[in-house]
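Letter by letter, the chains look like this.
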Amino acid sequence: MRTSLAETEQIEAHLLQQTSPGDALVFEATLLLDDELADKLHWQKATYSMIKLYGRKQLRQEIEAAHQTLFNTDKHKSFSEKIRQIFRKR
Amino acid sequence: MQFVQVLGRTTDGREKLFMALYKSAFPTVARYVCKMGGTFDEAKDIFQDALVIYYEKAAAGAVKLNTSEKAYLLGISKHLWLHRFKQNTLQASLDGIDLSDETQEDNYSESRLMHFLEMAGAKCMQLLRSFYYDQLPLGEAAKLFGFSGVRSATVQKYKCLEKVRETIKQKSLTYEDFLS
């Protein structure tokens, strides 16, 4: 694997706490001396947050699509009626 | 709960999963929300939030296999309803001051960045979503995205991670309040 990819993998292992205590110490020491590595670590952390937000947003769209199919197609009419009935009873 | 780990892997599978969960659990959740004085739209919001939580927990393997989906979704929905009810009471007591707009303001740069990533980096974002959000094992992700094997999937994963990391860094200089 390319050196930069190996480094990205190392940053990931550190952020996701998959390194042994010994390796973690070495990595933290390197971080103190290497500003560029610290910078990459900072942005990689932000990247995982964005991926999570992205995944969640996509998932919500998929759930909404399932909702629309269930409540707006004839095939599922008995189900949607059953639900609407619950709120009509009041 | 193995349901998510089997069906949750592909878009088609997830559609089947959510339809099945809707059919088995939504009637009970709707009856509960209705009983508590809520509307259809509120029941829908609560249930969809519960589905997201359930999905994330199940993908991470953090849900006990012997709990039924229906019981789990009802449990989360009740919790979310009670939480939201308390929040509404709190907001009502603040003389109509609504804090939700301020939160949206804070996330403006984040949503601009998200929009950019959705447009310019969709392929990488989809791949990264499968690895980190859906938590697909490498072998399956390799098959799903048509890589020759685990190794090339791994290489592509890290290449995408670097590409998105660089994009976020560059964009953050433009959207100066992002992650400051």
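A few words on the pattern of salt bridges. As a working rule, side chains carrying opposite charge can pair if their charged atoms are close by. In total, this model carries 14 salt bridges over all chains according to the counting rule given. The salt bridge involving K40(A) is made with E7(A); its shortest N-O contact spans 2.8 Å. You can see K40(A) sitting in helix α3 (residues 35-72) and its partner E7(A) sitting in helix α1 (residues 3-15), a full 33 residues away along the chain. Two residues, E12(A) and K157(B), come together in a salt bridge whose shortest N-O distance is 3.2 Å. With E12(A) in helix α1 and K157(B) in helix α9 (residues 150-174), the pair connects residues from two separate chains. For the pair E12(A) and K157(B), a shared accessibility class is recorded, and that class is buried. Linked through salt bridges whose partners overlap, the residues forming this network are E62(A), R14(B), R129(B) and D134(B).

Residues K82(A), K89(A), R31(B) and K70(B) make up a contiguous surface patch of positive charge. Within the secondary structure, K70(B) sits in helix α4 (residues 69-92).

If you look at the interface, chain A gives 43 residues, while chain B gives 51 residues. Considering only the surface of chain A that becomes buried against chain B, W43(A), M50(A) and Y54(A) emerge as the three largest contributors, covering 16% of it. Summed over the shared surface of chain A and chain B, the result is eight salt bridges. The partner of E56(B) in a salt bridge is R56(A), and the shortest N-O contact between them spans 2.7 Å. The interface formed by chain A and chain B includes 17 residue pairs in polar contact (both at pLDDT 80 or more). Listed by contribution, the elements that provide at least two residues to the side of chain A that touches chain B are α1, α3 and α4 (77-88) of chain A. Here the side of chain A that touches chain B takes 27 residues from α3(A), the largest share from any one element. Of the residues that constitute the side of chain A that touches chain B, the class distribution is 20 nonpolar, 10 polar and 13 charged.

Approximately 380 Å³ is the volume attributed to the largest pocket. The wall of the largest pocket is formed by 15 residues, among which L16(A), K52(A), Y132(B), Y133(B) and Q135(B) lie closest to the centre. Elements with a contribution of two residues or more to the lining of the largest pocket: α3 of chain A together with α7 (122-133) of chain B. Looking at the lining of the largest pocket, the element that brings in the most residues is α3(A), giving four residues.

It is worth spelling out helix α2 (residues 11-35) of chain B at this point. Residues and elements named next belong to chain B. The end-to-end C-alpha distance of α2, which contains 25 residues, comes to 34 Å, matching closely the 36 Å that a straight helix rising 1.5 Å per residue would cover. Along its length, α2 reaches its greatest deviation from straightness, about 45 degrees, at A25, and the proline P27 lies no more than four positions downstream. A positive backbone phi angle near 95 degrees is found at G37, which sits one or two residues after α2.

Before going further, it helps to examine the state of the cysteines. Residue and element names in this part refer to chain B. One pass over the structure, following the stated rule, counts one disulfide over all chains. Across the disulfide from C124 sits C160; the S-S distance is 2.1 Å. Between C124 and C160 the disulfide shows an S-S torsion of about -75 degrees. By sign, it is left-handed. With C124 in helix α7 and C160 in helix α9, this residue pair connects regions lying 36 residues apart in the sequence. Among the residues examined, C124 registers a relative accessible area of 9% and is labelled buried.

Thresholds applied
Within every chain, residues take consecutive numbers counted from 1 along the sequence as written. Written order determines the labels here, with chains lettered from A and ligands numbered from 1. Per-residue local features of the predicted model are confined to residues with pLDDT of at least 70, and side-chain atom pairs are confined, for both listing and counting, to 80 or more; whole-chain, interface and lining totals are unaffected and use all residues. Values shown for side chains rest on all heavy atoms present in the structure; no hydrogens or waters enter the calculation. Whenever a carboxyl oxygen of Asp or Glu lies within 4 Å of a side-chain nitrogen of Lys or Arg, that contact is scored as a salt bridge. Secondary structure is summarised from DSSP: a helix means a run of H or I of at least four residues, a strand means a run of E of at least two, and numbering begins at the N terminus for each. Note on exposure labels: buried denotes an accessible area under 20% of the residue type's maximum, exposed denotes more than 50%, and partly exposed covers the range between, all computed with a 1.4 Å probe on protein chains only. Residues qualify for a patch when their relative accessible area is over 30% and they have no salt bridge, like charges being joined within 9 Å and the nonpolar side chains of Val, Leu, Ile, Met, Phe, Trp and Tyr within 5 Å. Only the protein chains shown count as cover for residues, and all accessible areas are computed by the Shrake-Rupley method using a 1.4 Å probe. Counted as positive: Lys and Arg. Counted as negative: Asp and Glu, with His and the chain ends omitted from the count. Where a charge lies is defined by one atom per residue type, namely NZ (Lys), CZ (Arg), CG (Asp) and CD (Glu). Contact between two residues is taken to exist if any of their heavy atoms lie within 4.5 Å; hydrogens are not considered. Throughout, buried area stands for the accessible area (probe radius 1.4 Å) lost by two parts on being put together, summed over both. A 3.5 Å cut-off defines polar contacts: any pair of N or O atoms within that distance qualifies, except that in protein one atom must be a possible hydrogen donor and the other a possible acceptor, and neighbouring residues in sequence count only when both atoms are side-chain atoms. Each residue is assigned to one class: nonpolar for Ala, Val, Leu, Ile, Met, Phe, Trp, Tyr, Cys and Pro, charged for Asp, Glu, Lys and Arg, and polar for all the others, Gly among them. Here a cavity is any set of points on a 1 Å grid over the protein atoms alone where a 1.4 Å probe fits but cannot get out, and a pocket is any open set with protein on both sides within 12 Å along at least 5 of 7 lines; a residue lines the site when it has an atom within 4 Å of a point. Grid points are joined across faces, edges and corners, and a volume is the space filled by probe spheres set on the points. Take the residue count of a helix, subtract one, and multiply by 1.5 Å to get its expected span. The angle separating two fitted axes, one through the seven residues that finish at a residue and one through the seven that start at it, defines the bend at that residue. Any cysteine sulfur atom paired with another within 2.5 Å is treated as part of a disulfide.

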